[in-house]
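# What the coordinates show
Residues per chain, in single letters:
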Amino acid sequence: MQLRTPVAQAPAQVWAGFTCQLFLDLAPPLPQLRLLRFDGCQRGDLVEIEMHLGPLRLARWTSLITEHGELPSGGRYFVDLGQQLPAPLRYWQHRHLMEAAPNGGTVIVEDLEYRTASLVLDALLYPLVWAQFAWRRPIYRRYFGRPTRG
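What comes next is a walk through the structure. Quick caveat, the model's predicted, so the values are computed rather than measured. (Residues numbered from 1 in each chain as written. Predicted model: local features only at pLDDT ≥ 70, side-chain atom pairs only at ≥ 80, totals over all residues. Heavy atoms only, no water.)

### Here we look at the sheet that holds strand E5 (residues 76-84)
Where strands meet in a sheet, backbone hydrogen bonds hold them as pairs that are either parallel or antiparallel. Under the convention used in this document: Between any two strands, at least two bridges found by DSSP are needed for them to pair. A run of H or I in DSSP becomes a helix once it reaches four residues, and a run of E becomes a strand once it reaches two; helices and strands are each numbered from the N terminus. Structural elements are reduced to axes, namely lines fitted to C-alpha atoms, with helices fitted over the stretch in contact, and the angle between N-to-C directions of any two is expressed from 0 to 180 degrees. Here, two residues are considered to be in contact whenever any of their heavy atoms come within 4.5 Å of each other.
With antiparallel pairing, seven strands are arranged side by side in an open sheet as E1-E7-E6-E5-E4-E3-E2. What marks the edges here is a single partner per strand, and that holds for strand E1 (2-7) and strand E2 (32-38). The average angle at which neighbouring strand axes cross in this sheet is 20 degrees, direction not considered. Both E5 and strand E6 (residues 91-100) contribute to a ladder of six bridges, which runs antiparallel. For Tyr77, the partnering residue across the bridge sits in E6 and is Leu97. Across the sheet, helix H3 (residues 119-134) touches E1, E6 and strand E7 (106-115), and the angle it forms with E7 is around 150 degrees. Across the sheet, helix H4 (residues 137-144) lies against E1 and E7, angled at about 25 degrees from E1, the strand it touches most.

What follows is the structure, given as structure tokens:
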């Protein structure tokens, strides 16, 4: 699954903007997230969250940043790989690409791969996962600007 969001700032600026505060602001309203650890977006960094629904603790999620770097086109990227995942997820890989756009801006690409124990459940989760990441589009544009058309 891929979602693409054009923004006004250049890839280096967008890369620098992937901070703890942006991570918190990108969180959807449900489930509620409690950030336990945010090392950053470089190889070897960890991100740990607890998911809650009101007072109920639902699950813990830990991701490891397995790679980061620059693209030949001048873009940037980092990849997080789920280490401890909430049920029913068994595999999670999220590639964050910041592709250089022709107008000097960036296209933020959310490239997601996930699996459960069932292809049927994978398909049933697709709209929910898509919605969780579509939620991010206006937040990215608030942080990094809406690209101009020209």
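Past the structure itself, the notes keep going.
### Observations regarding the packing of aromatic side chains
Two measures describe an aromatic ring pair: the distance that separates the ring centres and the angle between the ring planes. The condition is simple: Stacked, tilted and edge-to-face are the three classes applied to pairs of Phe, Tyr and Trp rings, where Trp contributes its six-membered ring and a pair requires centres within 6.5 Å; stacked means planes under 30 degrees apart, edge-to-face means over 60, and tilted covers the rest. Exposure is judged per residue with a 1.4 Å probe applied to protein chains only, and the accessible area is read against the type maximum: over 50% gives exposed, under 20% gives buried, and values in between give partly exposed.
Overall, the coordinates contain ten aromatic pairs when judged by the stated rule. Ring centres of Phe18 and Phe144 lie 6.4 Å apart, and the angle between their planes is 20 degrees; on these two criteria the pair is classed as stacked. Linking Phe18 in the loop between helix H1 (11-16) and helix H2 (20-26) with Phe144 in helix H4, this pair joins segments that are 126 residues apart in sequence. Of the residues examined, Phe18 reaches a relative accessible area of 11% and is grouped as buried. Accessibility expressed as a relative area gives 3% for Phe144, which makes it buried.

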